Amino acid sequence: MALDEHWFTEVFEPSGSAFSLRITAKLHQEQTPYQRIEIYQTTEFGYLMVIDGCTMVSSRDNFLYHEMMSHPVLFTHAKPQQVLIIGGGDCGTLLEVLRHPQVQHCTQVDIDERVTRLSEKYFPELCASNSDPRAELRFDDGVKWLQDANPGSYDIIIVDSTDPVGPAEGLFNEVFFRTCHRALRDGGILVQQSESPLIHVELIKSMHHAMRNAGFSNTHSYDFPQPIYPSGWWSATLAGKGRDLKRFRESESRHKSFTTKYYSYAKHLALIDGVPLLNTALK
Ligand code: SAM
């Protein structure tokens, strides 16, 4: 929702809050078979992609989300070779996953090809690894993809989806998590963006319960800042298939072969403690 021609504003009713970015132009809008996509030019955050009225990705702050949706799970896994991304159409998570030399193949399944085509135009820096021979971009429903997946296909599944409404609604329940559990190898890990610890504690609790009921031996949520999302405070939730989520490849994290802007060994150590607010709620 744009308040006036100088600002884009996302009103988040559940928390009685709103977030605005100063804009100079709406560069694109289209209604795809799945969602409404808008692209804005902002004065301080570069380009902004909005899906169904919700901020998705900005040029300036997307690194926080993409680094924290990928590096914690990849360094937690003992030997991540086969990775699946559900959603992730802007390709920023794919970019971070492929920084890991152990990764042999990463399949990205987004329901809406138009997200990726628009990202190639407005966020080419996020699409820099799309031509990596290890990358495979598919356009399909993630729910169906996991229903059809062969058992033991993946070491890691990353669910980088929109909020649990509309096309993404089916990605946040026990039935879906059961298909993820089956598609993962022993020692495999699922990580899913799990909304705001400030606003969505009940959703996060329900995700933990659904993941454990789906057969995952342990679950763990961690947090990170994400200015353009409601409350500016975001989370991701890990689910392990026989993997201790509080151990990670510390030396490889500390001496990683690539640079990051937010993820670090120290931050990974810190995320192991989780979020006290959530830990209390999950007791
Ligand atoms: N960082 C964003 C966030 O946390 O809200 C997510 C970014 S990414 C653009 C979200 C993607 O999820 C979109 O491209 C959308 O098309 C995709 N998506 C939604 N439902 C899906 C489904 N059922 N299967 C595959 N992709 C889906």
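Computed from a predicted model, the values in this text were never measured in an experiment.

Taken together, 23 residues surround the ligand, and among them Gln35, Asp110, Gly142, Pro167 and Tyr229 come closest. Measuring from a nitrogen atom of the ligand, one finds a backbone N or O atom of Ile111 at 3.1 Å. Contact between the ligand and Asp141: a nitrogen atom at 3.0 Å from a side-chain N or O atom of the residue. Protein coverage of the free-state accessible area of the ligand, which is 600 Å², stands at 99%. Its atoms largely coinciding with the cavity grid, the ligand occupies the largest cavity. For the shell around the ligand, a count of residues per class yields nine nonpolar, eight polar and six charged.

To continue, consider the sheet that holds strand β8 (residues 135-139). Pairing within the open sheet is mixed, and its seven strands lie in the order β8-β7-β6-β9-β10-β12-β11. This sheet does not close on itself; its edge strands, each paired only once, are β8 and β11 (218-225). Each neighbouring strand pair of the sheet contributes to a mean axis angle of 15°, computed without reference to strand direction. Pairing between β11 and strand β12 (residues 233-240): eight bridges, direction antiparallel. The residue of β12 that forms the bridge with His220 is Leu238.

With their axes 8 Å apart at the nearest point, helix α6 (residues 174-183) and helix α7 (residues 201-213) run at an angle of 50° to one another. Classified by the angle between their axes, α6 and α7 sit oblique to one another. For the pair α6 and α7, the crossing hand works out as right-handed. Residue-level contacts link Glu174, Phe177 and Arg178 of α6 to Met207, Ala210, Met211 and Asn213 of α7. Class assignment of the residues belonging to the contact of α6 with α7 gives a composition of four nonpolar, one polar and two charged.

Before going further, it helps to examine the sheet that holds strand β3 (residues 36-42). The five strands lie next to each other as β1-β2-β3-β4-β5, forming an open sheet whose pairing is antiparallel. If you trace the sheet from one side to the other, it starts and ends with β1 (7-12) and β5 (54-58), each paired once. With direction set aside, neighbouring strand axes in the sheet form an average angle of 45°. As paired elements, strand β4 (residues 47-51) and β5 share four bridges and run antiparallel to each other.

An ideal rise of 1.5 Å per residue puts 18 Å on 13 residues; α7 measures up with 18 Å between its terminal C-alpha atoms. Taken residue by residue, α7 has Val201, Leu203, Ile204, Met207, His208, Ala210 and Met211 as its buried positions. Where α7 is buried, its residues meet α6, β10 (184-193), β11, β12 and α10 (276-282). Positive phi shows up at Gly215, right after α7, with a value of about 115°.

Cut-off values and rules
- Residues numbered from 1 in each chain as written.
- Predicted model: local features only at pLDDT ≥ 70, side-chain atom pairs only at ≥ 80, totals over all residues.
- Heavy atoms only, no water.
- Near = heavy atom within 4 Å.
- Polar contact = N/O pair within 3.5 Å; in protein donor to acceptor, adjacent residues only side chain to side chain.
- Areas by Shrake-Rupley, 256 points an atom, 1.4 Å probe, with all protein chains shown as cover.
- 1 Å grid on protein atoms, 1.4 Å probe; cavity = no way out; pocket = protein on both sides within 12 Å on 5 of 7 lines; lining within 4 Å.
- Sits in = over half its atoms within 2 Å of the grid points.
- Nonpolar A, V, L, I, M, F, W, Y, C, P; charged D, E, K, R; others polar.
- Pairing = 2+ DSSP bridges.
- Helix = DSSP H or I, 4+ residues; strand = E, 2+ residues; numbered from the N terminus.
- Axes fitted to C-alpha atoms, helices over the stretch in contact; angles between N-to-C directions.
- Parallel < 35°, antiparallel > 145°, perpendicular 65-115°, else oblique.
- Left-handed = near helix turned anticlockwise from the far one by under 90°.
- Contact = heavy atoms within 4.5 Å.
- Expected span 1.5 Å × (residues − 1).
- Buried < 20%, exposed > 50% of the residue type's maximum accessible area, 1.4 Å probe, protein only.

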